[in-house]
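Descriptive analysis of the structure
Now for the letters of each chain:
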Amino acid sequence: MMKIALTGTIGMGKSTVARMFERAGIPVFDADAEVRRLQGPGGALVEAIGTRFPAAVQNGLLDRGKLAELVLEDPRQLADLEKIVHPAVLRARERFIDQHRDPPALIFEIPLLFETGGETDFDKVVVVSAAPDVQRARVLSRPGMTPEKLESILERQIADGEKRRRADFVIDTGADLSTTESQVRDILACLGLGGGE
């Protein structure tokens, strides 16, 4: 079974590309969605996060906005949060692999792949990319996002150019969806997973 990581900086279109791979029959593990589940109502990490960050949990519910405020500007607190979250996501990823033994390949959507040194766990790395103005417009259209928040996030992520350099494949999402889908099919064909026309 081929394990393929899908990554890219914020606003590049990772989730859109992941859905394209999924429609092509490749199961997708979404690390961000798993984090939201673990931190959501009744989530397995709420108690541990509340112990370390009491201001972020009220009545058993995690306030993700408050948690972000606490950790975004403090590398030590962010590291503490990562020590809680990353092992749980890794366990969930292993369960996903166990549950999907038959497909010839699996996609793992992992935004901070290079930042966490996780690329060595995968056979291939696909980086999703777009021009900076396209990225900025996408991110700033999100509810609650500000230019300051975007800059703070980008400072913690490896630059797009470096990710592109380290990728096995790059998908440019700056054009229309059909162009992006064509790139996905080309990658699947190159890897012997179908998708070519």
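Anyway, here's the lowdown on the structure attached to this text. Predicted model, so just to flag it, every value in this text is computed and none were measured.

Details of the overall build of the chain
Helices and strands together make up the secondary structure of the chain, namely 9 helices and 7 strands. In summary, the chain has a C-alpha radius of gyration of 17 Å against a globular reference of 16 Å for 197 residues, a match within 12%. If you line up the chain on its principal axes, its C-alpha atoms span 55 × 40 × 25 Å. Sorting the 197 residues of the chain into buried and exposed places 44% on the buried side. When contacts within the chain are restricted to residue pairs at least 6 apart in sequence, those whose partners lie at least 24 apart make up 69%. Surface accessibility of the chain: about 10,400 Å² in total, with carbon and sulfur atoms responsible for 51%.

Concerning the nonpolar core
Residues I49, L67 and F108 are the most contacted members of the largest nonpolar core, which totals 32 residues. When contributions to this core are tallied by element, the ones reaching two or more residues are α2 (31-39), α3 (46-52), α4 (64-72), α5 (75-99), β5 (105-109) and β6 (124-129). Of all the elements, α5 adds the most residues to this core, at 9 residues. With residues near it in sequence (within four places) discarded, F108 still touches K3, I4, A5, L6, F29, R93, F96, I97 and F122.

Some remarks on the pairing of strand β1 (residues 2-7)
Pairing analysis gives 5 bridges linking β1 to β5, with the strands arranged parallel. What sits directly across from M2, in β5, is A105. In terms of strand pairing, β1 meets β6 through 4 bridges, oriented parallel. From the neighbouring strand, L6 faces β6, where its bridge partner is V126.

Remarks on the packing of aromatic side chains
Enumeration over the complete set of coordinates arrives at 4 aromatic pairs. Between F29 and F108 the ring centres are 6.2 Å apart and the planes differ by 50 degrees, which places this aromatic pair in the tilted class. Of this pair, F29 sits in strand β2 (residues 28-30) while F108 sits in strand β5; the two residues are 79 residues apart in sequence, bridging distant segments of the chain. Assessed through its relative accessible area of 5%, F29 is described here as buried. Seen from their ring centres, F108 and F122 are 5.3 Å apart, and the 50 degrees between their planes marks the pair as tilted. Residue F108 is found in strand β5, and its partner F122 is found in the loop between β5 and β6; the two are separated by 14 residues along the sequence. Classification of F108 as buried rests on a relative accessible area of 0%. Grouped by ring-pair contacts, the aromatic residues F29, F96, F108 and F122 constitute a single cluster. Sitting over the face of the ring of F53, R52 holds its NZ or CZ atom 4.5 Å from the ring centroid.

Calculation criteria
- All residue numbers refer to positions counted from 1 along the written sequence of the respective chain.
- Local features are withheld for residues below a pLDDT of 70 in this predicted model, meaning they are given only at 70 or higher, and side-chain atom pairs are given and counted only at 80 or more; totals for whole chains, interfaces and linings count all residues.
- Side-chain figures throughout are based on the complete set of non-hydrogen atoms in the structure, without hydrogens or water.
- Helix numbers and strand numbers start at the N terminus; a helix is a DSSP run of H or I with at least 4 residues, a strand a run of E with at least 2.
- We compute the radius of gyration over the C-alpha atoms and compare it with the globule rule, which gives 2.2 Å times the number of residues raised to the power 0.38.
- Only protein chains enter the accessibility calculation, which uses a 1.4 Å probe. A residue is then buried if its area is under 20% of the maximum for its type, exposed if over 50%, and partly exposed in between.
- The criterion used for residue contact is that any of the two residues' heavy atoms lie within 4.5 Å.
- Method for areas: the Shrake-Rupley scheme with a 1.4 Å probe, in which residue coverage is limited to the protein chains shown.
- Here, nonpolar core means buried Ala, Val, Leu, Ile, Met, Phe, Trp, Tyr and Cys residues that are tied together by side-chain atoms lying within 4.5 Å of each other.
- Whether two strands pair comes down to DSSP finding at least two bridges between them.
- Pairing of aromatic side chains requires ring centres within 6.5 Å, counting the rings of Phe and Tyr and the six-membered ring of Trp. Pairs whose planes differ by under 30 degrees are stacked, by over 60 edge-to-face, and all others tilted.
- Each ring is checked for a lysine NZ or an arginine CZ that lies within 6 Å of its centre and within 35 degrees of its normal; such an atom marks a charge sitting over the ring.

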